[in-house]
Amino acid sequence: MSTTTPPITPPSSPHSPSSSGGGGGEVNYINATKGIKSWMFTVDHKRIGLMYMVGVMSAYGLGGLFAILLRSELWNPEPSFIGGAEAGTTEAMNNAWDFYNQAFTLHGAVMVFLFIIPAIPAILGNMVLPIMLGAKDVAFPRLNLLSFYFWVLGGLFFVWVLSKGIINSFYPGMIEIWGPGGLETGWTFYTPYSTTTQNSAVVAATFGAFILGFSSILTGLNFIATVHMLRPKGMGWFQLPLFLWALYATAIIQILATPVLAITLLLLIAEKTLGVGIFNPALGGDAVLYQHFFWFYSHPAVYIMILPALGIISEVVSVHSRKSIFGYKFIAISSLAIAFLGFLVWGHHMFTSGQSALTNAVFSLITFFVAVPSAIKTFNWIATMYKGDIRITTPFIYILFTIGLFTIGGLTGLFLGCLSTDIHFHDTYFVVAHFHYVMMGSTLFAFLAGVYHWFPKMFGKMYNVFWSNLGGIIAFIGFQLAFFIQFIAGSQGMPRRYASYPEHFEFYHQVSTVGAYTMGAGMIIVLLTWIVALRTGKKAPANPWGGNTLEWHTTSPPPTANFHAEPTAEEPYDYSGWKYVSPEEGWVQRTPEEREAARQQLGTGH
Amino acid sequence: MTQVTDSHTDDHTGHAGHDDHEHHGPPHLAHHFETPEQQLSSAKLGMWVFLATEILMFGGLFCAYSVWRGNHPEVFAYAHTALNKDFGFINTIFLITSSFTMAWAVRTAQLGRTKATFILMGLTLLGGCGFLVVKTFEYKAKWDHHLFVGDLNEHHPDYVAPAEAAHGEADGDHGAVDEHATIEQTAADHGAADHGTSDASVEVAGETTGETAGEIVGGAERTSIALAPDGPAGVVADWMVAPVIAGETADAGHADDHAADGTDEHGAHGEAAADAGHADAHGGGHGDGHSVSKEIVPLKDRQKIHQFFQIYFLMTGLHTFHVLVGMGVIAWLMFCKVPKGIFGPGYYTPIDLVGLYWHLVDLIWIFLFPLLYLIH
Amino acid sequence: MSHTTTPDATDNHNGHKDHEDHDSHHGPHVVPFSMLFTIFAILIVLTFATVGATYVQLGDFNLALALAIAVVKAALVCLYFMHLRWDSPFNGLVLVASFAFVALFIGFALMDSKAYTPEVDAAAVEMIQSDAEAAGQ
């Protein structure tokens, strides 16, 4: 790891007065037009990405709030946070349990449907995908805007469900006026519970998720068409930046899996409203079939969450190691392989659900195959860093966290993919810890890394490196505290989704709760660094990291049409064309002679 | 197609428009595309990807269908006799014809023959209307015979039979449905004959005590045995024949029903249908005996009969919804866009795309028809 | 901007060569009326064939036959009405892939349900019978 030349990172100067906002008169996509309407009806992919960012981060805050609430509830073995163990009455206990059920359900549903699935594709994908392609916009800009409004509409359904639940719990009389609110089925809406419970607004919530599915489909459709049709001259499939390969593979999943969720939720709504009984055993239905339906979408959906994160890792690792990505084609193809294998393993969620032994065995076997492309990626990232000229920048720190968490999450997945151990671990905190490591640890930290990586490009501002790093480190420590211990609790038999638990699990839960608070504190710091950077951040150079994908070839922030002059496609991971000048100017392009010299010096005739 | 413009001339002007787009693109070219061809290809790719999502969405229902039919083939073979094969056939013809006129409309749009495009899209719309009208009759018949979706289906465990008062009303209905009698009669003939409501099975069915069967299928309200004593083969429990909607014009069964228990209105349909079916089965067409197990619908499947109707209504309902959407878009293009004469060799994307969508709707029906109406 | 028309679009033009109706490489592909009508006629004939096939007793093969006819009809609609024969191969791939994934979904679900349904049904029958007995007494 040689850190000789050139100097590291843009400097951190927390309190230095910034150049005023707006980019010094330069016209860019943010200040090109003004007024609320110019945002609401925009078809500019970057503005849509920003609107998504505001919405999705709000949803994240909401989901996080529920996480904090339910971890607080779990501080004591008996429910005590809300409802009141002091009364000890059955009614109070039922209230507390009901509250807990609603809290974990809405935490899961909001985080999955409103945050993780749209986070990377809809925010960062929208932001950089067309620019990386040298295109002026996505293929269908209006559909892109429509996708955002679908997201908003679906989100409103969740907020509606949520507010009803909260108000009902304070004023139970409201239930008679406007029906039950809240959601207590778990984010999976398993039948027959979801079709028989009278206690929650399943129809409204599923309809919300149904609409969110359209949002996801439209984003995926746009990305597929854009990558196919709008690549510039000279950019073949294997000159595509790896983030785009990841988004492309994600889009395939969004296209092929999401419609099945749509029909599943429609069937569920039909069960609730019309009395159709395809999934309801009381009506001669088949409850296991529901799980097939649900996981045919929702397992691939896990890869909707993680694949773009893996794409960000590939970008950041290469750029900040100043080294061409190792095994480009393997990483690219492994994205597609994960997408494909993701469709063949949904049954591993159903090992104990009454699925037949043969099906169990088949799904278990295929599940292990997923490890292959995942490991290919991980090894290639490590190999990329090896002997690289690594700069410990903020995005890079977050990416290191991501790789670590992804490895732990992936390896513990093997325990769950294995039939015999899964019987023991099924529905315990082991599972909770596993999928938080993968979905939340990996995806969230990669998302944050991506935001820090592209923040200068998105807003034309630099953030405070010290506080950004600190927020990440605190969040990482909090995450490990909160979830690592859950592996142990789970392997000792602590089942998930219970508001009360035997006393000897108290220590585990209290450590976990402390971890959740710590992580929350870290996330608040992270969000504050963004807000402060937006207000007072220093002006960012066009290319602060020396990346060579096309988004670094335009100004920060880019103009509405993305480029002032037509970009030419290059090898995305060839860094010989850039030299570092200063924190203010970042990296600038070398002349061809300088470039040749640099190549000679490096000895890599890239 | 009264007015046939000279397509060749149109073609060539169109091409000219194409070729000199260097800097001042054609009016429909969005700023982020380089050429109209790139834009059209993108739009088509987008549409195909959207169609893939539609296929996957229907795929869920086909999966439910396969799982139910795969595990309970007798239920489907039996319950589908309630569907009117002729209506299904007519609708298939409607959709294929409208698909043809749509494909033709795309052709005329490509050639810039505005008037022909307008007329052909109108014909397509008419085909859609015809489909909807037939579908309405079908749904109406199911409604009348308590074979509707959800717990409005008399085989549904939560089904609540209409009160006594409904009796006269229902009787009145019989008159109203009379004009369909011939069509439905044939359907019943086919259905019952093909699916072996033949003596062998009927006898076996007779072994099952009517009481049990009635309870299982109909819930508390349906405890009556509801026999059909004058059927050629003797005893038929009501759950076996109730879905056959055809026979309410036949009166013998009706009378019997009233004699037997006097309250179960649905039994009447059943028996009447049974009569028709049996008569036919004996008159000719039976004797195939393939795949007809000893019991037409084994005990384990009896509470699953309503599942067929749920799947039928969900599949055709979702499909009909797609027909409606397609018709809406076609009407919009036809009345708001086509008359402006904007479509020609250089720009026909919307017509092409709605055509693709309409063909997909047709395509799904092509599978639905044999799978729902022609079960064997 | 120097967009290329990507392989997909180029393939579009290759398709033109084997087709006589249109003499240009830049205009839309127009399907001749005679071809459309022929396809339409075949579709109608096949619809009659589907119905006719139900009068022939072939056992389980009836379903296969009905599906085979449906697939042929679907293929005709896709290839000619939907222009897939002259369109970018990728669009065809999208279609085929969607069918393949539906098949995958159905395949696994059916395989599994076939295995557990008999058990579930047996239990259900037992329940029904015991309920009936209880009601009888």
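Residues numbered from 1 in each chain as written. Chains lettered and ligands numbered in written order. Predicted model: local features only at pLDDT ≥ 70, side-chain atom pairs only at ≥ 80, totals over all residues. Heavy atoms only, no water.

Draft legend 1. Summary view of the overall build of chain B. A tally of regular secondary structure across chain B gives 14 helices and zero strands. For chain B, the succession of helices and strands along the chain, N to C, is α-α-α-α-α-α-α-α-α-α-α-α-α-α. Evaluated residue by residue, chain B yields a buried proportion of 64% over its 376 residues. By sequence separation, contacts in chain B at least 24 residues apart represent 82% of the contacts at least 6 residues apart. In the structure as shown, chain B presents an accessible area of about 12500 Å², 63% of it carried by carbon and sulfur atoms. (Helix = DSSP H or I, 4+ residues; strand = E, 2+ residues; numbered from the N terminus. Buried < 20%, exposed > 50% of the residue type's maximum accessible area, 1.4 Å probe, protein only. Contact = heavy atoms within 4.5 Å. Areas by Shrake-Rupley, 256 points an atom, 1.4 Å probe, with all protein chains shown as cover.)

Draft legend 2. The arrangement of the interface of chain A and chain C in detail. Taken residue by residue, the interface counts 32 residues in chain A and 20 residues in chain C. Our count for the chain A to chain C interface comes out at zero salt bridges. Mapped onto the side of chain A that touches chain C, the elements with two or more residues apiece are helix 7 (202–229), helix 8 (242–274), helix 9 (287–320) and helix 11 (357–385) of chain A. Across the side of chain A that touches chain C, the residue classes tally to 20 nonpolar, seven polar and five charged. (Salt bridge = Lys/Arg side-chain N within 4 Å of Asp/Glu carboxyl O. Nonpolar A, V, L, I, M, F, W, Y, C, P; charged D, E, K, R; others polar.)

Draft legend 3. Geometry of the packing of helix 9 of chain A against helix 12 (residues 394–417) of chain A. Residues and elements named next belong to chain A. Running from N to C, helix 9 and helix 12 point in directions that differ by 130°, and their axes come no closer than 10 Å. Considering their axes alone, helix 9 and helix 12 lie oblique with respect to each other. Where helix 9 crosses over helix 12, the handedness of that crossing is left-handed. Residues Ile306, Leu310, Ile312, Ile313, Val316, Val317 and His320 of helix 9 touch helix 12, and the partners they reach there are Pro395, Phe396, Ile399, Thr402, Ile403 and Phe406. In terms of residue class, the contact of helix 9 with helix 12 is built from eleven nonpolar, two polar and no charged. (Axes fitted to C-alpha atoms, helices over the stretch in contact; angles between N-to-C directions. Parallel < 35°, antiparallel > 145°, perpendicular 65-115°, else oblique. Left-handed = near helix turned anticlockwise from the far one by under 90°.)

Draft legend 4. The arrangement of helix 3 (residues 61–81) of chain C in detail. All names here are of chain C. Under the 1.5 Å per step criterion, the end-to-end length of helix 3 is 29 Å for 21 residues, consistent within 8% with the ideal 30 Å. Those residues of helix 3 that fall on the buried side of the exposure criterion are Asn62, Ala66, Ile69, Ala70, Lys73, Ala74, Leu76, Val77, Cys78, Tyr80 and Phe81. Just downstream of helix 3 lies His83, where phi reads positive at about 65°. (Expected span 1.5 Å × (residues − 1).)

Draft legend 5. A look at the pairing of strand 2 (residues 586–589) of chain A. Residues and elements named next belong to chain A. Bridge count for strand 1 (residues 578–582) against strand 2 is four bridges, and the pairing is antiparallel. Looking at strand 2, one finds that Trp578 is bridged to Gln589. Counting the residues between successive antiparallel strands, the hairpin from strand 1 to strand 2 contains three residues. (Pairing = 2+ DSSP bridges.)

Draft legend 6. Spotlight on the pattern of salt bridges. Residue and element names in this part refer to chain A. This model, assessed by the stated rule, comprises twelve salt bridges over all chains. Close ionic contact of Asp44 with Lys46 constitutes a salt bridge, the shortest N to O distance being 3.1 Å. Taken as a pair, Asp44 and Lys46 share a single burial class, namely buried. A salt bridge links Arg496 to Asp427; its shortest N-O distance comes to 3.5 Å. Of this pair, Arg496 sits in the loop between helix 15 (465–491) and helix 16 (506–536) while Asp427 sits in the loop between helix 13 (419–425) and helix 14 (429–459), and the two are 69 residues apart along the sequence. Via salt bridges that share partners, Glu570, Asp574 and Arg595 belong to a single interconnected network.

Draft legend 7. Structural view of the nonpolar core. Residue and element names in this part refer to chain A. Within the largest apolar cluster, 307 residues are counted, with the highest numbers of intra-cluster contacts made by Phe113, Phe115, Leu124, Phe447 and Trp530. Among the elements that take part in this core, helix 3 (residues 90–132) stands out by supplying 24 residues, more than any other. Among residues more than four places away in sequence, those in contact with Phe115 are Val56, Met57, Tyr60, Val110, Leu444 and Phe447. (Core = buried A, V, L, I, M, F, W, Y, C linked by side-chain atoms within 4.5 Å.)

Draft legend 8. Up close: the packing of helix 3 of chain A against helix 14 of chain A. All names here are of chain A. Where helix 3 contacts helix 14, the two axes come as close as 11 Å, and the packing angle between them is 35°. Along this stretch, helix 3 crosses helix 14, giving a crossing that reads as left-handed. On the side of helix 3, the interface is formed by Tyr100, His107, Val112, Phe115, Ile116, Ala119, Ile120, Ile123, Leu124, Met127, Val128 and Met132, while helix 14 contributes Tyr429, His436, Met439, Thr443, Leu444, Phe447, Gly450, Val451, Trp454 and Met458. Its residues assigned to classes, the contact of helix 3 with helix 14 comprises 18 nonpolar, four polar and no charged.

Draft legend 9. Just the packing of aromatic side chains, in detail. All names here are of chain A. Scanning the entire structure with this criterion turns up 87 aromatic pairs over all chains. Considering the side-chain rings of Tyr60 and Phe115, the 4.5 Å spacing of their centres and the 35° angle between planes classify their relative orientation as tilted. Here Tyr60 is found in helix 2 (residues 45–73), whereas its partner Phe115 is found in helix 3, with 55 residues between them in sequence. Their ring planes at 45° and their centres at 5.1 Å tell us that Tyr398 and Tyr452 sit as a pair that is tilted. Pair noted here: Tyr398 is in helix 12 and Tyr452 is in helix 14, with a separation of 54 residues, a long-range link. Note on Tyr452: relative accessible area 0%, which makes it buried. Directly above the aromatic system of Trp587 lies the positively charged group of Arg322, at a separation of 4.0 Å from the ring centroid. For Lys329, the ring lying beneath its charged end belongs to Phe238, and the centroid distance is 4.7 Å. (Phe/Tyr/Trp six-rings, centres within 6.5 Å; stacked < 30°, edge-to-face > 60°. Lys NZ or Arg CZ within 6 Å of the ring centre and 35° of its normal.)

Draft legend 10. Quick look at a nonpolar patch on the surface. All names here are of chain A. A contiguous nonpolar surface patch, about 390 Å² in accessible area, is contributed by Trp75, Ile473, Ile477, Leu481 and Val514. Looking at the nonpolar patch element by element, the count peaks at three residues for helix 15. Examined against the element boundaries, Leu481 turns out to sit in helix 15. (Patch = residues over 30% accessible without salt bridge, like charges linked within 9 Å, V, L, I, M, F, W, Y side chains within 5 Å.)

Draft legend 11. Focus on the confidence of the model for chain B. Residue and element names in this part refer to chain B. For chain B, per-residue confidence averages 68 on the pLDDT scale, and 56% of positions sit at 70 or higher. Across residues 1–23, where pLDDT falls below 50, the model places 34 contacts with residues more than four positions away in sequence or in other chains. Across residues 164–294, where pLDDT falls below 50, the model places 197 contacts with residues more than four positions away in sequence or in other chains. (pLDDT = per-residue confidence, 0-100.)

Draft legend 12. View of unusual backbone geometry. All names here are of chain A. For the bond from Thr191 to Pro192, the omega torsion is 0°, close enough to zero to count as cis. Looking at the element boundaries, Pro192 is found in the loop between helix 5 (174–178) and helix 6 (193–196). Of note, the bond from Ser556 into Pro557 is cis; its omega dihedral lies within 30 degrees of zero at -15°. Along the chain, the position of Pro557 falls in the loop between helix 16 and strand 1. One non-glycine residue, Lys387, lies in the positive phi region at around 60°. Along the chain, Lys387 falls in the loop between helix 11 and helix 12. Exposure remark for Lys387: the relative accessible area of 66% places this residue in the exposed category. In this structure, Arg497 is a non-glycine residue whose phi angle is positive, near 65°. Residue placement: Arg497 occurs in the loop between helix 15 and helix 16.

Draft legend 13. Just the side chain of Asp574 of chain A, in detail. Residue and element names in this part refer to chain A. When you line up the elements, Asp574 lands in the loop between helix 16 and strand 1. Among the residues examined, Asp574 registers a relative accessible area of 7% and is labelled buried. Within polar-contact distance, the side chain of Asp574 engages the side chain of Arg595 at 3.0 Å. (Polar contact = N/O pair within 3.5 Å; in protein donor to acceptor, adjacent residues only side chain to side chain.)

Draft legend 14. Region of the structure containing the confidence of the model for chain A. Residues at a pLDDT of 70 or more form 94% of chain A, whose mean pLDDT is 89. Segment residues 1–24 of chain A is flagged for pLDDT under 50; beyond a separation of four residues in sequence, or across chains, it makes 40 contacts in the model.

Draft legend 15. Up close: the environment of His306 of chain B. Note on placement: His306 of chain B falls in helix 13 (residues 305–337). The buried category is assigned to His306 of chain B, whose relative accessible area is 0%. C-alpha of His306 of chain B to C-alpha of Leu147 of chain B: the two residues are 159 residues apart in sequence and 8.2 Å apart in space. When neighbours within four sequence positions are excluded, His306 of chain B is seen to be in contact with Gly277 and Leu283 of chain A together with Asn153, His155, His156 and Pro157 of chain B.

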